[in-house]
Amino acid sequence: MKKETKIIAGVLAGAALGAAVALILSSDKGGDMKNKMTDWLCDLIDSSKDKIADVTDRVKDKFAKVSV
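Residues numbered from 1 in each chain as written. Predicted model: local features only at pLDDT ≥ 70, side-chain atom pairs only at ≥ 80, totals over all residues. Heavy atoms only, no water.

## Side note on the overall build of the protein
Counting its regular elements, the protein contains two helices and zero strands. Residue burial in the protein is summarised as follows: out of 68 residues, 7% are buried. Just so you have it, the protein exposes about 5900 Å², and 65% of that area is on carbon and sulfur atoms. (Helix = DSSP H or I, 4+ residues; strand = E, 2+ residues; numbered from the N terminus. Buried < 20%, exposed > 50% of the residue type's maximum accessible area, 1.4 Å probe, protein only. Areas by Shrake-Rupley, 256 points an atom, 1.4 Å probe, with all protein chains shown as cover.)

Structure (structure tokens):
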């Protein structure tokens, strides 16, 4: 990925996370919305952990092949 692409992806991810947090914290009524957003955020974090673990495994495999 190019440096600019990484920066744009980071800014968009930060904006999405900020919007989610703002929605969760701002709505006093509608506990349902808070629950939906919390579930969505937890799912996002879980999927991110899975993707990072997958990438980590791939990198370890590549290094193992190179060092052999």
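We are not done yet, so read on.
## Quick notes on a nonpolar patch on the surface
On the surface, a nonpolar cluster with roughly 270 Å² of combined accessible area is contributed by Leu 17, Val 21 and Leu 25. Topologically, Leu 17 is positioned in helix H1 (residues 3-26). (Patch = residues over 30% accessible without salt bridge, like charges linked within 9 Å, V, L, I, M, F, W, Y side chains within 5 Å. Salt bridge = Lys/Arg side-chain N within 4 Å of Asp/Glu carboxyl O.)

## Examining the pattern of salt bridges
Summed over the entire model, instances satisfying the criterion amount to one salt bridge. Across the pair Arg 58 and Asp 54 runs a salt bridge whose closest N-O atoms are separated by 3.1 Å. Residue Arg 58 and its partner Asp 54 are both found in helix H2 (residues 31-67); the two are separated by four residues, about one turn of the helix. Among the residues examined, Arg 58 registers a relative accessible area of 54% and is labelled exposed.

## Overview of the environment of Val 21
Counting through the fold element by element, Val 21 comes out in helix H1. Note on Val 21: relative accessible area 34%, which makes it partly exposed. In this structure the C-alpha to C-alpha distance between Val 21 and Lys 34, which are 13 residues apart in sequence, comes to 9.5 Å.

Shape is all these values report; function is a separate question.
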